[in-house]
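Geometric and topological summary
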Amino acid sequence: MLPPFDYFNYRRARTIKRQERAARFASLPAVYHAPIDASDKAVVNKPIEELVNEIQDGSLSATDVLQTYGKVAVRAQEKTNCITELLLPEAEVWAQSEVNLKGPLAGVPVSLKDSIQVKGFDITLGYSRLAGKPYAEDGPMVKLLKDAGAVPYAKTALPVTLLSFESANALWGTCLNPHVPQYSPGGSTGGEGALLALGGRIGIGSDVAGSVRVPAAWSGIYSLRCSTGRWPKNGVNTSMAGQEGVASVFSPMARTLNDLTYFTRSIVGMKPWKYDYTVHPIAWRGEEEIEAKSKKLRVGLMSTDGVIPPTPAIQRAVATTVAALNAAGHQVVEITPPPNADQFAGLHLASQLLNSDGCETFNSHFYSFEPSDPGASQLSLIANLPRPLRYLYYLFVRYIRRDPQWAALILGFGPKSAAQQWKLVAKREAFRSTWHAWWDEQDYDFILCPVNATPALPHRAMKDAVSSCGYTFLWNLLDYSAGVMPVSHVDAKKDALEAPYRTVLKQLGANGALARGAWKHYDATKMAGLPTAVQVVGRRWQEEKVLGYMAAVEGALEKYHNPITGEGGKYPLLELD
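Predicted model, so just to flag it, every value in this text is computed and none were measured.

Parameters and conventions
- Residues numbered from 1 in each chain as written.
- Predicted model: local features only at pLDDT ≥ 70, side-chain atom pairs only at ≥ 80, totals over all residues.
- Heavy atoms only, no water.
- Helix = DSSP H or I, 4+ residues; strand = E, 2+ residues; numbered from the N terminus.
- Rg over C-alpha atoms; globule rule 2.2 N^0.38 Å.
- Buried < 20%, exposed > 50% of the residue type's maximum accessible area, 1.4 Å probe, protein only.
- Contact = heavy atoms within 4.5 Å.
- Areas by Shrake-Rupley, 256 points an atom, 1.4 Å probe, with all protein chains shown as cover.
- Lys, Arg positive; Asp, Glu negative; His and termini not counted.
- Charge placed at Lys NZ, Arg CZ, Asp CG, Glu CD.
- Pairing = 2+ DSSP bridges.
- Axes fitted to C-alpha atoms, helices over the stretch in contact; angles between N-to-C directions.
- UniProt positions renumbered as here; feature names shortened; annotations may be inferred.
- 1 Å grid on protein atoms, 1.4 Å probe; cavity = no way out; pocket = protein on both sides within 12 Å on 5 of 7 lines; lining within 4 Å.
- Polar contact = N/O pair within 3.5 Å; in protein donor to acceptor, adjacent residues only side chain to side chain.
- Parallel < 35°, antiparallel > 145°, perpendicular 65-115°, else oblique.
- Left-handed = near helix turned anticlockwise from the far one by under 90°.
- Nonpolar A, V, L, I, M, F, W, Y, C, P; charged D, E, K, R; others polar.
- Domains from an automatic or database assignment.
- Buried area = accessible area lost by both parts, 1.4 Å probe.
- Salt bridge = Lys/Arg side-chain N within 4 Å of Asp/Glu carboxyl O.
- Points joined across faces, edges and corners; volume = space filled by probe spheres on them.

The helix and strand inventory of the protein chain stands at 23 helices and 13 strands. Its C-alpha radius of gyration of 23 Å places the protein chain within 12% of the 25 Å reference for a compact globule of 577 residues. C-alpha atoms of the protein chain, sized along the principal axes, occupy 70 × 65 × 45 Å. For the protein chain, the proportion of its 577 residues judged to be buried stands at 61%. Look at the contacts in the protein chain between residues 6 or more apart in sequence, and 81% of them connect residues 24 or more apart. With the model as given, the accessible surface of the protein chain reaches about 21700 Å², and the carbon-plus-sulfur share is 55%. Looking at the protein chain, you have 59 positive and 55 negative side-chain charges, and the mean spots of the two groups are 6 Å apart.

Between Leu88 and the following residue, Pro89, the backbone shows a cis peptide bond with an omega angle of 0°. By secondary structure assignment, the location of Pro89 is in the loop between strand 1 (83-86) and helix 5 (90-97). The omega angle of the peptide bond from Gly187 to Ser188 is 10°, so this bond is cis rather than trans. Summarising the element assignment, Ser188 is placed in the loop between strand 5 (173-174) and helix 7 (190-197).

Let us now look at the sheet that holds strand 12 (residues 482-489). Strand order across the open sheet formed by 11 strands is 1-3-2-6-8-7-12-13-11-9-10, with mixed pairing between neighbours. Each edge of the open sheet carries a strand with a single partner, namely strand 1 and strand 10 (331-334). Geometrically, the sheet is characterised by an average inter-axis angle of 30° between neighbouring strands, direction not taken into account. Pairing geometry for strand 11 (residues 446-449) and strand 13 (residues 531-537), over three bridges, is antiparallel. Note that in strand 13 the partner of Ile447 across the bridge is Val537.

Following the UniProt record, one finds the feature "active site" (unreviewed entry) at Lys113, Ser188 and Ser211. The greatest C-alpha distance among the annotated residues, which extend across 99 residues, is 10.8 Å, indicating that they converge on a single site. Taking the annotated residues in turn, Ser211 line the largest cavity. Owing to a relative accessible area of 0%, Lys113 belongs among the buried residues under this scheme. Along the chain, Ser211 turns up in the loop between strand 6 (202-207) and helix 8 (213-219). Ser211 gets classed as buried once you look at its relative accessible area, which sits at 4%. Apart from the residues within four sequence positions on either side, Ser211 is in contact with Lys113, Leu162, Gly187, Ser188, Thr189 and Ser206.

Let us now look at the side chain of Asp122. Inspection of the secondary structure assignment puts Asp122 in the loop between strand 2 (109-113) and helix 6 (140-148). At 2.8 Å, the side chain of Asp122 and the side chain of Lys17 are in polar contact. In this structure the side chain of Asp122 is engaged in a polar contact, spanning 2.7 Å, whose partner is the backbone nitrogen of Gly132. Not counting the four nearest positions on each side in its chain, Asp122 is found in contact with Lys17, Glu85, Leu130, Ala131, Gly132, Lys133, Pro134 and Lys155.

Any two packed helices are characterised by the angle at which their axes cross and by the distance between the axes. Interaxial distance between helix 12 (residues 343-354) and helix 19 (residues 470-478) falls to 9 Å at its minimum, and their mutual angle equals 70°. Viewed along their axes, helix 12 and helix 19 adopt a mutual orientation that is roughly perpendicular. As helix 12 packs across helix 19, the resulting crossing turns out to be left-handed. Contact with helix 12, carried on its side by Gln343, Gly346, Leu347, Leu349, Ala350, Ser351, Leu353 and Leu354, involves Phe473, Leu474 and Leu477 of helix 19 and no other residues of that element. Tallied by class, the residues present in the contact of helix 12 with helix 19 amount to eight nonpolar, three polar and no charged.

A word on the domain arrangement of the protein chain. When its domains are assigned, the protein chain resolves into domain 1 (20-279) and domain 2 (291-356 + 416-559). The straight-line distance from the C-alpha centre of domain 1 to that of domain 2 is 26 Å. In this assembly, 43 residues from domain 1 lie in contact with 50 residues from domain 2. Taking both partners together, domain 1 and domain 2 bury about 3700 Å²; carbon and sulfur atoms supply 59% of that area. Taken together, the links from domain 1 to domain 2 amount to three salt bridges. Across the salt bridge formed by Glu543 and Arg230, the nearest N and O atoms sit 2.8 Å from each other. At the surface where domain 1 touches domain 2, the tally comes to 28 residue pairs in polar contact (both at pLDDT 80 or more). Broken down by secondary-structure element, the contributors of at least two residues to the side of domain 1 that touches domain 2 are helix 8, strand 7 (222-225) and helix 9 (257-269). By residue number, the principal contributor to the side of domain 1 that touches domain 2 is helix 8, which donates six residues. By residue class, the composition of the side of domain 1 that touches domain 2 is 21 nonpolar, 16 polar and six charged.

On to the pairing of strand 3 (residues 151-156). Burial analysis of strand 3 places six of its six residues in the buried class, which makes it a mostly covered element. In this structure, strand 1 lies alongside strand 3, joined through three bridges in antiparallel fashion. Each residue of the ladder has a partner; that of Leu86, found in strand 3, is Ala154. Bridging between strand 2 and strand 3 involves five bridges; their strand directions are parallel. Residue pairing in the sheet places Leu112 in a bridge with Lys155 of strand 3.

Applying the stated rule across the entire model yields four cavities of 30 Å³ or more. Put simply, the largest cavity is a space of about 330 Å³. For the largest cavity, the lining is made up of 23 residues, of which Asn355, Leu379, Val466, Ser467 and Cys469 are closest to its centre. Listed by contribution, the elements that provide at least two residues to the lining of the largest cavity are helix 12, helix 14 (374-383) and helix 16 (404-412). Here the residues of the lining of the largest cavity are counted per class, giving 17 nonpolar, six polar and no charged. When residues of the lining of the largest cavity are assigned to domains, at least three map to each of domain 1 (20-279) and domain 2 (291-356 + 416-559). What lines the second largest cavity is simply Ile36, Val72, Arg75, Ala76, Lys79, Ala197, Leu198, Leu574, Glu575, Leu576 and Asp577. Per element, the largest residue contribution to the lining of the second largest cavity is four residues, and it comes from helix 4 (residues 62-80). Looking at the lining of the second largest cavity residue by residue, the class counts come to seven nonpolar, no polar and four charged.

Looking now at the environment of Gln542. Here Gln542 lies in the loop between strand 13 and helix 23 (543-559). By relative accessible area, Gln542 is classed as buried at 14%. Along the primary structure Gln542 and Glu288 are separated by 254 residues, whereas in three dimensions their C-alpha atoms are 8.7 Å apart. At 3.0 Å, the side chain of Gln542 forms a polar contact with the backbone nitrogen of Arg539.

Pasting the structure below:
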């Protein structure tokens, strides 16, 4: 059907997919709709090593465990709309016939971002054009999971285009934050964030600018952004096939740090390079993990990205973490980024590399009038301005609005020729070389920084905050390993602004549109109860060390307690109900 009449194909696909999903949930056996009882809670809260051992010795069946997590999925879907494709009851069959229950993940249910290939199911990515095209075979990542003993049981929500910290699309609807439903769970792996926060166990997502880290921070769970080549990425679909300026990586997410570490160690131990040619044959280096969590650390603190200052709730999370590390005997030093390679220079370069096609590819999958993501629409509008108009817009923002950062991003955005793309890649490599030499001189064990300037933002806020990604995007550009861990929650009184946000930003010297776009949505009263988090950044291919550093930070936070403010202590996960 030719445009614009293919709009009716979008409406038809949306109706069919939502009806199919509703029917799958409604047709589940009664056990999945039963109340969560004490035995279910025991399974969810059991350390993953114990869970695997009990399945392997026969004291707990893989089917019973799967049914527990099926119950979790049913309730999480009701609360947050986090699931796209429910893999039950097929997962019950896989647990009995295809899954290797002698593997290191024996019987462990794993949820997957919608973009991962599972036999018998679509990869829609939120595009109605991709609906009704189920894959005949599992992708390499799912084959590896089953060989390791894991049981895929759900595919989860993401934003159409995969370029947003929202997780909504016209095909499946809007995924809600598990703590405060008026807010986003993050994106683009937001469905995983919501499901894991509400009792899920393990998840896999992708990250090109923060897409497993922001959902972890906004939903209150843990994640690890792996360097390229350390984690499988074959057997998936994407909205921007062929984009390698800033490579997307698939990476693990989990409800607890113990689960995240065990799962990562287990997958690397399965020699994923035998399943996926993109994976480097780097065996797990357990001694590096042990050393990282047991020695006194020299920590570099990046308290701001130089573009969007952290809001009070995030400042408090970082300050609490710094105080806990100092109390534990570690050294924390504020970093000074390398000259000519600061955080804004990284954001400017990364934004040009990521959308060097002028946003053509991710827009090519839409039917006529099919709604896009608000942030992606903003990017597309700027990218497709005729060059003279873009330059006039740049002049207006630079010299009338006096906003040099936003002006620079506008001028650099848009389609690139092959020669221009090559020059950008050369700049990327020079940027990485500069940071490599700088870190050698500074000798930090890791860098501590916010995950985002704000806690979770309200739905559709990406229209204003689409460029609020500097705290995560920088590490994608550098291809560094980075983990996220929750610290606390927004407090209406402790985290309130002392003046209107524009006044506060002016005092901080951050008057640009980028900062205003994020801060305009900050309201500690409405955000009360949302998680706050920090990011632990290591160097390239240092996943073992980063997980060890995260353990050291978590240990310091659990032991720390400020008698005056009450800061510190163990982060409370959401209880099952």
